[in-house]
Amino acid sequence: LRSLPGPLPASIFLLTGLQTLNLQGNSLSGSLPDAWSSLTALTSLALQENALTGSLPASWGVVDSSNGNNSNGNSNSSPLNNLVALNLGNNGFSGTFPDSWAYPRSLTSLTRLVLAQNPRLCGPLPPNWATNHPSTQTLIG
């Protein structure tokens, strides 16, 4: 599937059993909605080389670090804990890396994270990223 324009249709978020989604190199635009967190079976998400913008969604991690609950009310883990590979490179994301992604019990299966070529995405990874995500094998920023 190449040359898909605009935002993804909301109906894609009804595919709760979806494990792999590769939409690399299309013309997708808009931000990453919180609805991505409904895809709890997702293990690989490739959205590089599109025209996506906005900030990285804090809701993909454990949002409330004080009680271990995320924005969906699920305790002790983030909604995307099955995600192993996440490639968001070569888009137009802005802001900083969400602290919620670095909390314990957030994105615990993630071994590959690519954020390169997002010129308005700035700042370092939170200092607790390495401590809470020792299984990370590839980190490209």
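These remarks concern the structure in this document. These numbers come from a predicted model, not from an experiment. Every chain is numbered independently, its residues counted from 1 as its sequence is written. In keeping with the predicted nature of the model, local features appear solely for residues at pLDDT of at least 70, side-chain atom pairs appear and are counted solely at 80 or more, and the whole-chain, interface and lining totals rest on all residues. As a rule here, side-chain values cover all heavy atoms of the structure and leave hydrogens and water aside.

A short note on the sheet that holds strand β3 (residues 27-30)
Here comes step 1: Between any two strands, at least two bridges found by DSSP are needed for them to pair. Put simply, DSSP marks the helices as runs of H or I at least four residues long and the strands as runs of E at least two long, and each gets a number from the N terminus on. If you trace the five strands from one edge of the open sheet to the other, you get β1-β3-β5-β7-β9, paired in parallel fashion. The strands lining the two open edges of the sheet, one partner per strand, are β1 (5-6) and β9 (120-121).
Here comes step 2: Pairing between strand β7 (residues 92-95) and β9: two bridges, direction parallel. Pairing of S94 across the sheet is with R120, part of β9.

Focus on the pairing of β3
Here comes step 1: Bridging between β1 and β3 involves two bridges; their strand directions are parallel. The residue bridging G6 from the neighbouring strand is L28, located in β3.
Here comes step 2: Pairing of β3 with strand β5 (residues 51-54) involves two bridges; the strand directions are parallel. Bridging across to β5, S29 finds its partner in A51.

Notes on the side chain of N50
Here comes step 1: If you trace the backbone, N50 turns up in the loop between β4 (44-46) and β5.
Here comes step 2: Exposure remark for N50: the relative accessible area of 10% places this residue in the buried category.
Here comes step 3: Within the structure, N50 has its side chain in polar contact with the backbone nitrogen of N26 (distance 3.1 Å).
Here comes step 4: Any pair of N or O atoms that falls within 3.5 Å is considered a polar contact. Within protein, one atom must be able to donate a hydrogen and the other to accept it, and sequence-neighbouring residues count only if both atoms are side-chain atoms. Polar side-chain contacts of N50 include one of 3.4 Å to the backbone nitrogen of S27.
Here comes step 5: Contacts of N50, omitting those with residues within four sequence positions, involve L23, Q24, G25, N26, S27, L28, N90 and N91. Partly exposed residues are those whose accessible area sits between 20% and 50% of the maximum for their type, while under 20% is buried and over 50% is exposed, using a 1.4 Å probe and protein chains only. We call two residues in contact when some of their heavy atoms are within 4.5 Å.

What about the pairing of β5?
Along any regular strand, the residues point their side chains to alternate faces of the sheet.
Here comes step 1: Relative to β7, β5 runs parallel, the two being bridged by two bridges. Opposite G54, over in β7, you have F93 as the bridge partner.

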